[in-house]
Amino acid sequence: QVQLVESGGGLVQAGGSLRLSCAASGNIASSNAMGWYRQAPGKQRELVAGITTGGKTNYADSMKGRFTISRDNAKNTVYLQMNSLKPEDTAVYYCVAGSEMNNGWTFRFWGQGTQVTVSS
């Protein structure tokens, strides 16, 4: 079992930046990948980015160039640096953990989420 706790969400103006953190605990060794999903009002949950323990990354096309995922394996912590934020980035952001193999990503553990609100 893996427990994930997000932090760093809040209110920011359009064009601003925000950094999310996710601390993992429990049997984290069972997972070789962590990442972020988000769900905006009226929309389905979508992948933001993922990263493996080896540093392989995966981004949704709309996030490339603005968002950067990173991790500290020793601390079992993953980060999401969000720049040039837009109102459409407003969503609940969820930390996830799972596995990656042959460029296939599967996330099975989910955090409770943290709210990000971007004002216009």
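Residues numbered from 1 in each chain as written. Predicted model: local features only at pLDDT ≥ 70, side-chain atom pairs only at ≥ 80, totals over all residues. Heavy atoms only, no water.

Chemist: Before we move on, can you summarise the state of the cysteines with the specific residues and values?
Modeler: Under the counting rule described, the total for this entry stands at 1 disulfide. Shown here is the disulfide that connects Cys 22 with Cys 95, its sulfur atoms set 2.0 Å apart. Here the disulfide of Cys 22 and Cys 95 is left-handed, its torsion about the S-S bond being about -85 degrees. With Cys 22 in strand E3 (residues 18-26) and Cys 95 in strand E9 (residues 91-101), the pair connects residues that are 73 residues apart, well separated along the chain. Residue class for Cys 22 comes out buried when judged on its relative accessible area of 0%. For Cys 95, a relative accessible area of 0% corresponds to the buried category. (Disulfide = S-S within 2.5 Å. Helix = DSSP H or I, 4+ residues; strand = E, 2+ residues; numbered from the N terminus. Buried < 20%, exposed > 50% of the residue type's maximum accessible area, 1.4 Å probe, protein only.)

Chemist: Let's hear about the side chain of Thr 52: which residues, and what values?
Modeler: Within the element layout of this structure, Thr 52 appears in strand E5 (residues 46-52). Overall, Thr 52 belongs to the buried group, its relative accessible area being 6%. Leave out the neighbours within four places in its chain, and Thr 52 touches Asn 32, Ala 33, Arg 71, Glu 100 and Trp 105. (Contact = heavy atoms within 4.5 Å.)

Chemist: Outline the sheet that holds strand E7 (residues 67-72), supporting the account with residue identities and numerical values.
Modeler: By way of backbone hydrogen bonds, the strands of a sheet pair with one another, either parallel or antiparallel. Sheet architecture is open: 4 strands sit in the order E1-E3-E8-E7, paired in antiparallel fashion. With partners counted over all chains shown, the strands left at the sheet margins are strand E1 (2-7) and E7, one partner each. Neighbour to neighbour, the strand axes of the sheet diverge by 20 degrees on average, direction disregarded. Bridge count for E3 against strand E8 (residues 77-82) is 6 bridges, and the pairing is antiparallel. Looking at E8, one finds that Leu 20 is bridged to Leu 80. (Pairing = 2+ DSSP bridges. Axes fitted to C-alpha atoms, helices over the stretch in contact; angles between N-to-C directions.)

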